[in-house]
Amino acid sequence: MSILNDIERVLVSETEIEAICQRLGKQITEDYADKERPILLGLLKGCVPFMADLSKHIQLPIEVEYMDVSSYHGNITSSGDVKIRKDMNTSVMGRDILIAEDIVDTGKTLDTIVKLLTHRGARSVEVVTLLDKPAGRVIPFTPKYVGTVIPKEFVVGYGLDYNELYRNIPFVGVLKPEIYKK
Ligand code: 5GP
Ligand code: MG
Ligand code: MG
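Here the residue numbers are simple positions, counted from 1 along each chain's written sequence. For naming, the first written chain is A and the first written ligand is 1, with later ones following in the order written. Only residues with pLDDT of at least 70 get local features here, since the model is predicted, and only at 80 or more are side-chain atom pairs given and counted; chain-wide, interface and lining totals rely on the full set of residues.

Under the annotation held in an unreviewed UniProt entry, the chain carries the name Hypoxanthine phosphoribosyltransferase and is attributed to Paracholeplasma vituli. UniProt positions are given in the numbering used here, feature names are shortened, and annotations may be inferred rather than shown by experiment. UniProt, in the comment section headed Subcellular location (unreviewed entry), describes the chain in these words: "Cytoplasm".

What follows is the structure, encoded as structure tokens:
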């Protein structure tokens, strides 16, 4: 039984994802050329495939860090209550931070984390996201680097889960509604 049977359609293909990573990596390489040891900070677990592919195209000495934050609890709607399950391992004081995220939906997660890192003394805090779902915004938030804008649909794959499944699909797809309605 293949997990691909649960996918209604492909929204962002592997080829498109690779082109996005190349484009964003080149842009970030240019923009961060003068910064000293910027930190690419991934938000677990959804960032993992995107961050791995994107970082190969950032041709600069960067540090890599992770934080595990959660606002979803196995459901398809955000609770808006952002919890830090695992913090990063280094101080952000005076550092340039680029947060890598899978998707911006309500904007609450990133708004919370950007404010937190700024409060902790980061020199700059920007966001790179594979997907942006502007129709889902509950509070204003504009990520600096966006892979692609998607409609207000629940997507899975390439790091994005439903109930902890589907993260290992190599593309981004729309889940069949019967999967989360049953
Ligand atoms: P926000 O705080 O912007 O509402 O949500 C950010 C987080 O919600 C994302 O990092 C992701 O984990 C989850 N999320 C939002 N939209 C989707 C979606 O369409 N599919 C999946 N799988 N997760 C989503
Ligand atoms: Mg995420
Ligand atoms: Mg999730």
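The structure having been displayed, the exposition proceeds.
Once C-beta atoms are placed from the backbone, each residue is buried if 20 or more other C-beta atoms lie within 10 Å of its own, exposed if 12 or fewer, and partly exposed for counts between those two. Counting from the N terminus, the helices are the DSSP runs of H or I reaching at least four residues and the strands are the DSSP runs of E reaching at least two. Burial analysis of strand β6 (residues 124–132) places 7 of its 9 residues in the buried class, the great majority of the element. At least two DSSP bridges between two strands are needed for those strands to be called paired. Bridging between strand β5 (residues 96–104) and β6 involves 8 bridges; their strand directions are parallel. Looking at β6, one finds that D96 is bridged to S124. With the strands pointing away from the viewer, any crossover whose connection runs clockwise from the first strand over the helix to the second is right-handed. In terms of handedness, the path from β5 via helix α3 (residues 108–119) over to β6 forms a crossover that is right-handed. Bridge count for β6 against strand β7 (residues 145–149) is 4 bridges, and the pairing is parallel. Within the sheet, the bridge partner assigned to L131 lies in β7 and is T148.

What follows deals with the sheet that holds strand β3 (residues 63–70). The 6 strands lie next to each other as β4-β3-β2-β5-β6-β7, forming an open sheet whose pairing is mixed. The sheet is open, and its two edges are formed by β4 (83–86) and β7, each paired on a single side. Neighbour-to-neighbour, the strand axes of this sheet turn through a mean angle of 30°, independent of strand direction. Axis lines are fitted through C-alpha atoms, for helices just across the contact stretch, and the angle between N-to-C directions can take any value from 0 to 180 degrees.

Moving on, we come to the sheet that holds strand β8 (residues 155–156). The pairing of strands in a sheet comes from backbone hydrogen bonds and takes either a parallel or an antiparallel form. The 3 strands lie next to each other as β1-β9-β8, forming an open sheet whose pairing is antiparallel. Whereas interior strands pair on both sides, the edge strands pair on one side only; in this sheet they are β1 (7–12) and β8. Sheet topology places β1 next to strand β9 (residues 172–175); 4 bridges connect them, and they run antiparallel. Residue pairing for β9: V12 is matched across the bridge by V172.

As used throughout, a nonpolar core is a set of buried Ala, Val, Leu, Ile, Met, Phe, Trp, Tyr and Cys residues joined through C-beta atoms within 7 Å of each other. Ranked by size, the top nonpolar core spans 43 residues in total, and within it L54, I97, L98, I99, A100 and V128 carry the most contacts. At 6 residues, the largest contribution of residues to this core is made by β5. By definition, residues are in contact whenever their C-beta atoms, placed on the basis of the backbone, come within 7 Å of each other. Setting aside chain neighbours within four positions, we find I97 in contact with I39, L41, V92, L117, A122, S124 and V125.

Among the residues of helix α2 (residues 48–55), those classed as buried are P49, F50, M51 and L54. Structurally, α2 contributes buried residues whose contacts are with α1 (14–31), β2 (39–44), β5 and β6.

One can find V146 in strand β7. Among the residues examined, V146 registers 17 C-beta atoms within 10 Å and is labelled partly exposed. Each C-alpha atom of the pair V146 and E8 lies 24 Å from the other, and the pair is 138 residues apart in sequence. Among all residues touching V146, those that are not within four sequence positions of it are T129 and D132.

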